[in-house]
2 protein chains.
Amino acid sequence: MATISDVARSAGVSLSTVSYVLSGKRSISEPTRTRVLDAVALLGYRPNAGARALASASNRTGVIGLVVPLHEDADVNVVMQFVRAVTTTARRHEADVLLLTQEDSAGLERVTATALVDGLVVLDIAVDDPRIPLLAGLGRPVVLIGLPRETQGLSCVDFDFALAARTAVDHLARLGHTSIGLVSSSTSSVHQAGYADRLQAGFLEQAAAAGVRVATQSCDPTAAAARTCLAGLRAQRPDLTALVVHHEAALPHLVSALGEQGVRIPRDLSLVSVGAAGAAAGLPQPVDVVEVPVGEMGRVAVEMLSARISGAGTAEVRLLSSPLVTQGGSAPAS
Amino acid sequence: MATISDVARSAGVSLSTVSYVLSGKRSISEPTRTRVLDAVALLGYRPNAGARALASASNRTGVIGLVVPLHEDADVNVVMQFVRAVTTTARRHEADVLLLTQEDSAGLERVTATALVDGLVVLDIAVDDPRIPLLAGLGRPVVLIGLPRETQGLSCVDFDFALAARTAVDHLARLGHTSIGLVSSSTSSVHQAGYADRLQAGFLEQAAAAGVRVATQSCDPTAAAARTCLAGLRAQRPDLTALVVHHEAALPHLVSALGEQGVRIPRDLSLVSVGAAGAAAGLPQPVDVVEVPVGEMGRVAVEMLSARISGAGTAEVRLLSSPLVTQGGSAPAS
DNA sequence: TTGAAAGCGCTACCAA
DNA sequence: TTGGTAGCGCTTTCAA
């Protein structure tokens, strides 16, 4: 590998001149500039990233850490969407992405303290995430995806699940529905993350405001559980005419259970799904959706992290929202 | 952040002594060792990764690059399994993982030339992958997952698809089956990767050796395509009594199509699937499987890369195999 | 507009 | 068994 002094020698200039040509932090005469750039091209010179980080005043490595859940029950599609958005956005900020798994809790300290990364994006944050104190004490910018109880000095990005539920209920209430069910996940990880509770709170709040009767039921992602879930909702409220489903994995089972029972969407039942993109795709019957903007969340997280790494901005909580998209899943209550 | 000289001062020793205590490359008296380690603990000292890489003779950064396909039609489950195995194994070798996407072709050169990474693991290699010349000219150890036509100086890890097919055919032939069908994917990316062809070659070879009649048919992952595929196979060979399926996404559709047609597995038809772990899970009827050891491939790739980074080993091609697991998917031909 | 040189934090050599 | 110090490849002052 050619070094900067190889370039300097080849171009017949000093080492610092090469550095300034490359960084643009000093005005350079055109002939010199050309000679240097020619030498760079000739030698195929690329500055050593480590040396650059070590010498620079900012001490930046141009690498951000991304902590992802890679365990079995993580939603691989959602994780992939995040990863794609984060890497893409990072590149736009001249940064690369170092991957850390959630299991490697020592990794947070390691990559941060050894100056491998300039900052971290951490997925899958629980309401009372045990990593919060550690992350807060790292002394590096951190952006959490999720909304923990304590956010002292940490930036957070999340979807506004409460607003999504209010939007869904409002949409259905305007169509004349007065009795609406909510289906949520029964898995504990979803509840530890807190968004199920926030969604339910929004659901209940808007229902109360609109004078809508409610039923709530959790569901497992199987055909049998879907049938049980529907039966449970009907037992609570025989007059249900609409459903808000916050459970991507159970959605297809619910839809086909309804189909088997001769319940037609939207004629007999209106259905709004809250979930990641694609969750409602490929369903035999269309439903309305409030999409969790996973990619957007990843993008915003990196933007916030970049800003904080550059010393701009302060820790803040950003809750993203997205509109309800009607695609034939809802109809006026009859 | 505390530096090594902070530690030296605090411990009342020289800078080099601290370095030697930490690296263990010199024998140190017990009292000195203790004083240094105490100072390290007291100050929370962690060596700067960049400075260490810069100064060390080996010039190693302790980071390996992982190039993954993140585009829509990549199998997210398989990619995740790779990523998990690679990160886990890398950690066992004291390395971290930098993530690069397949789209970022300039990234190969960037992370390698700027010494961000010590080497690369590249997934999803096509038979005539356009990146091969670039990768070969990088001047850093590279391990490919896949088997390109030209492997000059590059290490490769892949599953022995030909052997898997031979194993499946052999198993079925021993059970007395004399007419066996092969279902493969029709997607072009699978064929560019070459393993579909290798599997088919092994299938035909073993069939010829065992005097087995064959039918081959590609299939799309839909219920309709599965029915068409089965009809096509029967048209070629009305006497088919066994199937080898090399198409994870189509497998459930094939199985349920068979179920609808009253074809019972294994009584009426024996079925062996070749695919990643879990592909045959959750099927209404059990099938036999030859599992593509995705995690193992990732593990081996990192082991090979680590060895090459340490200067050990040479470029080699390793084809992994795995046994056929019977789980009630096959029975003697009647 | 340019060059010289002092570090960045560390490793590893040369001495003692 | 230890210390001093010359770099690793770069950025950024200070001087010209």
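Everything discussed here concerns the structure shown above.
These notes cover the structure that comes with them. Keep in mind that this is a model prediction, so the values were computed, not measured.

1. Side note on the overall build of chain A
- Along its length, chain A carries 13 helices and twelve strands.
- Taken over C-alpha atoms, the radius of gyration comes to 26 Å for chain A, far larger than the 20 Å a tight globule of 334 residues would show.
- For chain A, the spread of C-alpha atoms along the principal axes amounts to about 85 × 40 × 35 Å.
- Considering chain A as a whole, with its 334 residues, one finds that 50% of them fall into the buried category.
- Considering only contacts within chain A whose residues lie at least 6 apart along the sequence, 68% involve residues at least 24 apart.
- Carbon together with sulfur atoms contributes 52% to the accessible area of chain A, which is approximately 14200 Å² in total.
- Of the charged side chains in chain A, 27 are positive and 31 negative, and the gap between their average positions amounts to 7 Å.

2. Some remarks on the protein's contact with DNA strand C
- With respect to spatial proximity, 29 residues lie near DNA strand C, and among them Thr17(A), Arg26(A), Ser27(A), Thr32(A) and Ile4(B) are the closest.
- Of all DNA strand C atoms lying within 4 Å of any protein atom, the proportion belonging to sugar or phosphate reaches 56%.
- In the environment of DNA strand C, a base oxygen lies 3.4 Å from a nitrogen or oxygen atom belonging to the backbone of Leu54(A).
- A distance of 2.9 Å is found between a phosphate oxygen of DNA strand C and a side-chain nitrogen or oxygen belonging to Ser19(B).
- Counting residues per element, the ones that place at least two in the surface near DNA strand C are α2 (15-23) and α4 (49-55) of chain A together with α2 (15-23) and α4 (49-55) of chain B.

3. Some thoughts on unusual backbone geometry
- Along the chain, Ile265(A) connects to Pro266(A) via a cis peptide bond; the corresponding omega equals 5°.
- Among the structural elements, Pro266(A) can be located in the loop between α12 (251-260) and β9 (270-276).
- Look at Ala115(A): it is not a glycine, yet its phi comes out positive at around 60°.
- Its identity as a non-glycine residue notwithstanding, Glu94(B) has a phi of 60°, on the positive side.
- Within the element layout of this structure, Glu94(B) appears in the loop between α5 (76-92) and β2 (96-101).

4. Here's the deal with the relation of the copies chain A and chain B
- The transformation that overlays chain A on chain B combines an axial shift of 0.0 Å with a rotation of 180°, and the residual RMSD is 0.1 Å. Within this description, the copies of the chain are treated as partners about a two-fold rotation axis.
- Comparing interface residues between copies, 100% of those in chain A also lie at the interface in chain B; the contact surface is shared.

5. Focus on the side chain of Ser155(B)
Residue and element names in this part refer to chain B.
- Mapped onto the secondary structure, Ser 155 falls in strand β5 (residues 155-159).
- A polar contact is formed between the side chain of Ser 155 and the backbone nitrogen of Glu 316, at a distance of 3.5 Å.
- In this structure Ser 155 touches Val 142, Val 143, Leu 144, Met 304, Arg 308, Thr 314, Ala 315 and Glu 316, once residues within four positions along its chain are discounted.

6. Brief notes about the pairing of β5(B)
Residues and elements named next belong to chain B.
- Of all five residues in β5, five are buried; the element is thus mostly enclosed.
- Two strands pair when backbone bridges link them, and β5 and strand β11 (residues 317-320) are joined in this way by four bridges, in the parallel orientation. What sits directly across from Asp 158, in β11, is Leu 319.

7. Details of the environment of Gly24(A)
- Position of Gly24(A) among the secondary structure elements: in the loop between α2 and α3 (30-43).
- Along the chain, Gly24(A) and Gly107(A) lie 83 residues apart, while their C-alpha atoms are 35 Å from each other.

8. Quick look at the sheet that holds strand β12 (residues 324-325) of chain B
All names here are of chain B.
- With respect to topology, six strands assemble into an open sheet ordered β7-β6-β8-β9-β10-β12, the strand pairing being mixed. A single partner strand is all that each edge strand has here, and the edge strands are β7 (213-219) and β12.
- Where strand β6 (residues 179-185) lies against β7, seven bridges are found, and the strand directions are parallel. Across the sheet, Ser 185 pairs through a bridge with Cys 219, a residue of β7.
- Where helix α11 (residues 223-236) meets the sheet, its contacts fall on β6, β7 and β8 (242-246), and the angle it forms with β7 comes to roughly 160°.

9. Comments concerning the packing of aromatic side chains
Residue and element names in this part refer to chain A.
- Inspection of the entire model under this criterion finds four aromatic pairs over all chains.
- Between Phe 159 and Phe 161, the ring centres sit 5.0 Å apart and the planes meet at 90°, which makes this aromatic pair edge-to-face. Comparing Phe 159 with Phe 161, the two get one shared label, buried.
- Relative to Tyr 195, the ring of Phe 161 lies with its centre 4.7 Å away and its plane at 20°, an arrangement referred to as stacked. Of this pair, Phe 161 sits in helix α8 (residues 161-174) while Tyr 195 sits in helix α10 (residues 195-210), placing them 34 residues apart in sequence.

Cut-off values and rules
Residues numbered from 1 in each chain as written. Chains lettered and ligands numbered in written order. Predicted model: local features only at pLDDT ≥ 70, side-chain atom pairs only at ≥ 80, totals over all residues. Heavy atoms only, no water. Helix = DSSP H or I, 4+ residues; strand = E, 2+ residues; numbered from the N terminus. Rg over C-alpha atoms; globule rule 2.2 N^0.38 Å. Buried < 20%, exposed > 50% of the residue type's maximum accessible area, 1.4 Å probe, protein only. Contact = heavy atoms within 4.5 Å. Areas by Shrake-Rupley, 256 points an atom, 1.4 Å probe, with all protein chains shown as cover. Lys, Arg positive; Asp, Glu negative; His and termini not counted. Charge placed at Lys NZ, Arg CZ, Asp CG, Glu CD. Near = heavy atom within 4 Å. Polar contact = N/O pair within 3.5 Å; in protein donor to acceptor, adjacent residues only side chain to side chain. Least-squares fit on C-alpha atoms with pLDDT ≥ 70 in both. Pairing = 2+ DSSP bridges. Axes fitted to C-alpha atoms, helices over the stretch in contact; angles between N-to-C directions. Phe/Tyr/Trp six-rings, centres within 6.5 Å; stacked < 30°, edge-to-face > 60°.

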